[in-house]
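Structure at a glance
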Amino acid sequence: MVLLIVKKKYSIGSILKNSLSNNENWGKMWRSPNPKKHYDVIIVGGGGHGLGTAYYLAKHHGIKNIAVIEKGWLGSGNTGRNTTIIRSNYLWDESAYLYDHAVKLWENLSEDLNYNMMFSQRGVLNLAHNEHDIKEIKRRVSANRLNGLDTMWLDKNEVKDLVPIMNTDNLRYPVLGAAYQPRGGVARHDAVAWGYAMRADELGVDIIQNCEVKGIKTDNYKVEGVETTKGFIKSKKIGVVASGHTSVLAATAGVRLPLQSRPLQALVSEPIKPVINTVVMSNAVHAYVSQSDKGELVIGAGTDGYNSFTQRGGYDVIEETVRAIVELYPIFGKMKMLRQWGGIVDICPDASPIISKCDVEGLYFNCGWGTGGFKATPGSANVFAHTIAKDEPHKINAPFALSRFSDGRLIDEHGAAAVAH
Amino acid sequence: MILIKCPYCGERDQSEFANGGEAHIIRPKNPESLSDKDWGEYVFYRNNPKGIFYERWVHTHGCKKWFNAVRNTSTDQILKVYKVNEKRPDLSEFQNTLKSPSGEPSVGSGNFAVKK
């Protein structure tokens, strides 16, 4: 019995055992192999979406010879650079199905991977500050309820009960109400990358870090492999999940994508005692905030206003964000900010992702998540794995095809985004 | 923070300007013969290079005039600013500092996860 408990990588047994040796003998969570010459599937991008794709390919579709290639270290891109908000209260049916597929997977992910995602369903509020907001948000609440989502409308007093520190009246755009999704919340971003990586590795997936893909080689509209800093690697199927850099990699295969890459900034305050136990987003006053388990406020807002691949962003965006936060929560007025960073997000013209095949046989893209990809990680990975394995989309991601930018079936989610793009 | 030299007002902070996306996009001259795919290309597809990018800016909080710029999107360095009626500068005028399409420049990338 004891042996059984110890055999699992993380269990009460393994914690006891490792405590006896001063916690110095915990093994590596995954191998760091040299790349083989050939793989059945190569995933470019070692963030949550990419590692999850490899995990589901190995677990659900029986493909074992897989590599995940990452330019930096795992989760060093947008997986480690977001504000970890999870929700599925999107307006259109297609998006609601996709994002709620993810939320349902989030709910069992810690158990599925036996690794604590610290998934906390603390609820997400989307504030209304004017008559138009109220109408738009109530419409979204109704659409969500028709799709079986748990979104509801709260009036000002109910919002104030949930978040007593919020300044609802004494500001230029007073808080008039909010949409509330109790199943929404936050999770630990690193754990997502590490959990998927560890379990994918156990299923035989080669995770290759610090290896940059320099180009995708194609011949007569078929993929042949990728040119990397560790040499050429052959594969007949390549899934590109490189967020901001996806269009740059696509260009090496002669594929054009309707993406624009921009920095999206976030910042974290000094840790304080618990003051806010839900996630609050505001479109009109333009910022969102939640409090991490460490006590830091995690704050974000819109993207910088121009294309860029520099993971920093401009100070005027931070100033605007912090101004909105102080307006809504005067109690935070004298707090100090500890860290700030930018992630390069790839934005689609309709603010919905692309999970799709393309004109090149064997080349698949999972991109265009823009400012809200983290929440979708397990759902995105799950349907992308299906798309790669079967060479056809899952019914959930079929509407998110690249072809929508020529046939006009856009999924316009600008209004449902956390904050205006 | 970027300083942009408006061709009319001189050097100002980027927050005074609004970006207008890729420059030199020409409306199709033969709209009636365009396929859905061609229209999609014109409406939705824009270049998104890491490196040399031709773009439009408008001095919203200043003279309100539009102008073009060439910027290196991997470092945010502005390489040239020119008026809309001036000729598009040739790509060969500018040096792309990246060794590979998705590589990181030695200065100014902000991506510390990648070993140079």
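Structural data are supplied above this passage.
Counting from 1, residues in each chain are numbered in the order their sequence is written. Written order determines the labels here, with chains lettered from A and ligands numbered from 1. A pLDDT threshold of at least 70 governs which residues receive local features in this predicted model, and a stricter bar of 80 or more applies before side-chain atom pairs are shown or counted, although totals over entire chains, interfaces and linings include all residues. Only hydrogens and water are set aside; all other atoms, that is, all heavy atoms of the structure, feed into the side-chain values.

1. Side note on the sheet that holds strand 4 (residues 52–58) of chain B
Across a sheet, strands are paired by hydrogen bonds formed along the backbone, either parallel or antiparallel in direction. All names here are of chain B. What counts is decided by this rule: By definition, two strands form a pair when at least two bridges between them are found by DSSP. Secondary structure elements follow DSSP: runs of H or I no shorter than four residues count as helices, runs of E no shorter than two count as strands, and numbering proceeds from the N terminus. Throughout, an axis means a line fitted to C-alpha atoms (over the contacting stretch in the case of helices), and angles, computed between N-to-C directions, take values from 0 to 180 degrees.
Strand order in the open sheet formed by four strands is 3-4-5-6, and the pairing between neighbours is antiparallel. Edge strands, defined here as strands with exactly one partner in the open sheet, are strand 3 (18–22) and strand 6 (77–83). Direction aside, neighbouring strands of the sheet carry axes that sit 35° apart on average. By the bridge criterion, six bridges tie strand 5 (residues 66–72) to strand 6 in an arrangement that is antiparallel. Looking at strand 6, one finds that Asn 68 is bridged to Tyr 82.

2. What to know about the interface of chain A and chain B
Size of an interface, as often reported, equals the accessible area lost when the parts are brought together. How we decide: Throughout, a contact is declared for two residues whenever any of their heavy atoms are within 4.5 Å. Take the accessible area each of two parts loses on contact, using a 1.4 Å probe, and add the two losses: that sum is the buried area. The salt bridge criterion pairs a side-chain nitrogen of Lys or Arg with a carboxyl oxygen of Asp or Glu, the two atoms within 4 Å. As used in this structure description, the phrase polar contact means that two N or O atoms lie within 3.5 Å; if the pair is within protein, one of them must be able to donate a hydrogen and the other to accept it, and residues adjacent in sequence are counted only when both atoms belong to side chains.
Contacts between the two partners involve 38 residues from chain A and, on the opposite side, 36 residues from chain B. Three residues, Arg 256, Tyr 306 and Phe 309 of chain A, lead the burial of chain A against chain B; their summed loss comes to 22% of the area buried on that side. Across the pair Glu 104 of chain B and Lys 71 of chain A runs a salt bridge whose closest N-O atoms are separated by 2.7 Å. Counting across the interface, chain A meets chain B through 20 residue pairs in polar contact (both at pLDDT 80 or more).

3. Quick notes on the packing of aromatic side chains
Using the following cut-off: Only Phe, Tyr and Trp rings take part, Trp by its six-membered ring, and two of them pair if their centres are within 6.5 Å. Stacked means planes under 30 degrees apart, edge-to-face means over 60, and tilted covers everything else. Here's how the labels work: a residue is buried when its accessible area is under 20% of the maximum for its type, exposed when over 50%, partly exposed in between, all with a 1.4 Å probe on protein chains only. Only lysine NZ and arginine CZ atoms are considered, and such an atom sits over a ring when it is within 6 Å of the ring centre and within 35 degrees of the ring normal.
Inspection of every chain in the model, using the stated rule, returns 13 aromatic pairs over all chains. On the numbers, 5.4 Å between centres and 40° between planes, the contact of Trp 106 of chain A with Phe 374 of chain A is tilted. Linking Trp 106 of chain A in helix 4 (residues 93–113) with Phe 374 of chain A in the loop between strand 18 (363–367) and helix 10 (377–390), this pair joins segments that are 268 residues apart in sequence. Side by side, Trp 106 of chain A and Phe 374 of chain A carry an identical accessibility label, which is buried. Taking 5.5 Å as the distance between ring centres and 70° as the angle between the ring planes, the aromatic pair formed by Phe 405 of chain A and Phe 44 of chain B counts as edge-to-face. One end of the pair, Phe 405 of chain A, is in helix 11 (residues 404–407); the other, Phe 44 of chain B, is in helix 1 (residues 36–44), on a second chain. Each member of the aromatic cluster is reached from another via a ring pair, and the members are Tyr 306 of chain A together with Phe 17, Trp 57 and Phe 67 of chain B. Taking NZ or CZ as reference, Lys 138 of chain A lies 5.0 Å from the ring centre of Trp 153 of chain A, over its face. Over the ring of Tyr 8 of chain B we find Lys 65 of chain B, and its NZ or CZ is 4.7 Å from the ring centre.

4. Here's the deal with the layout of surface pockets
Residues and elements named next belong to chain A. Using the following cut-off: Cavities and pockets are found on a 1 Å grid laid over the protein atoms alone: a cavity is a set of points where a 1.4 Å probe fits but cannot escape, a pocket is an open set with protein on both sides within 12 Å along at least five of seven lines, and a lining residue has an atom within 4 Å of such a point. Grid points are joined across faces, edges and corners, and a volume is the space filled by probe spheres set on the points. Any residue that is not Ala, Val, Leu, Ile, Met, Phe, Trp, Tyr, Cys, Pro, Asp, Glu, Lys or Arg is counted as polar, Gly included; the first ten are nonpolar and the last four charged.
Taken as a whole, the largest pocket encloses approximately 880 Å³ of empty space. Forming the walls of the largest pocket are 33 residues, and the residues nearest its centre are Gly 80, His 189, Asp 190, Arg 339 and Trp 341. Those elements that place two or more of their residues in the lining of the largest pocket are helix 7 (189–202), strand 14 (287–291) and strand 16 (337–347). Partitioned by chemical class, the residues of the lining of the largest pocket number eleven nonpolar, 13 polar and nine charged. Along its surface, the second largest pocket is lined by 27 residues, and His 286, Val 317, Glu 320, Thr 321 and Arg 323 are the ones closest to its centre. Split by residue class, the lining of the second largest pocket holds eleven nonpolar, nine polar and seven charged.

5. A short note on the packing of helix 4 of chain A against helix 10 of chain A
Residue and element names in this part refer to chain A. For the record, the criterion: Roughly parallel means an angle under 35 degrees; roughly antiparallel means over 145; roughly perpendicular covers 65 to 115; every other angle is labelled oblique.
Across the interface, helix 4 lies against helix 10 with an axial gap of 6 Å and an inter-helix angle of 110°. Accordingly, the angle class assigned to the pair helix 4 and helix 10 is roughly perpendicular. Residues Leu 98, His 101, Ala 102, Leu 105, Trp 106 and Leu 109 of helix 4 form the contact with helix 10, whose participating residues are Thr 377, Pro 378, Gly 379, Asn 382 and Val 383.

6. Considerations on helix 10 of chain A
Residue and element names in this part refer to chain A. Spelled out, the test is: By this rule, a helix spans an expected 1.5 Å times one less than how many residues it contains.
Taking 1.5 Å per residue as the helical rise, helix 10 with its 14 residues ought to reach 20 Å, and the 20 Å between its terminal C-alpha atoms agrees with that figure. Buried residues dominate helix 10, accounting for twelve of its 14 residues. Of all the positions in helix 10, only Thr 377, Pro 378, Gly 379, Ser 380, Ala 381, Asn 382, Val 383, Phe 384, Ala 385, His 386, Thr 387 and Ile 388 are classed as buried. After helix 10 finishes, the residue Asp 391 shows a positive phi value of roughly 60°.

7. Thoughts on the packing of helix 3 (residues 48–60) of chain A against helix 7 of chain A
Residue and element names in this part refer to chain A. Filter applied, for reference: Note on convention: near helix rotated counterclockwise from far helix by under a right angle means a left-handed crossing. Clockwise means right-handed.
Two numbers describe how helix 3 lies on helix 7: the axes approach to 8 Å, and their chain directions differ by 30°. It follows that helix 3 is roughly parallel to helix 7 by the angle criterion. Remark: the crossing between helix 3 and helix 7 carries left-handed chirality. Here helix 3 contributes Gly 48, Leu 51, Gly 52, Tyr 55 and Tyr 56 to the contact with helix 7, which in turn contributes Ala 193, Tyr 196, Ala 197, Arg 199 and Ala 200.

8. Observations regarding the state of the cysteines
A covalent bond between the sulfur atoms of two cysteines is referred to as a disulfide. Residues and elements named next belong to chain A. In plain terms, the rule: Pairs of cysteine sulfur atoms within 2.5 Å are what we label disulfides.
With the rule as written, the count across this model stands at zero disulfides over all chains. Sulfur of Cys 348: no disulfide; nearest cysteine sulfur belongs to Cys 367 and is 6.2 Å away. Overall, Cys 348 belongs to the buried group, its relative accessible area being 2%.

9. Brief notes about unusual backbone geometry
Trans is the common state for peptide bonds, and a negative phi is the common state for residues other than glycine. Positive phi values are uncommon outside glycine, yet Asp 391 of chain A reaches one of about 60°. Along the chain, Asp 391 of chain A turns up in the loop between helix 10 and helix 11. Unlike most non-glycine residues, Asp 76 of chain B shows phi in positive territory, near 70°. In this fold, Asp 76 of chain B is placed in the loop between strand 5 and strand 6. Asp 76 of chain B sits in the buried class, given a relative accessible area of 12%.

10. A few points about empty space enclosed by the protein
All names here are of chain A. Following the criterion strictly, the structure yields three cavities of 30 Å³ or more and no others. When its volume is computed, the second largest cavity comes out at roughly 60 Å³. Lining the second largest cavity we find ten residues, and of these Asn 126, Leu 127, Ile 137, Arg 140 and Asn 283 sit closest to its centre. Secondary structure elements with two or more residues in the lining of the second largest cavity: strand 4 (124–128), helix 5 (131–146) and strand 13 (279–282). Among the elements that take part in the lining of the second largest cavity, helix 5 stands out by supplying four residues, more than any other. Looking at the lining of the second largest cavity residue by residue, the classes come out as four nonpolar, three polar and three charged.

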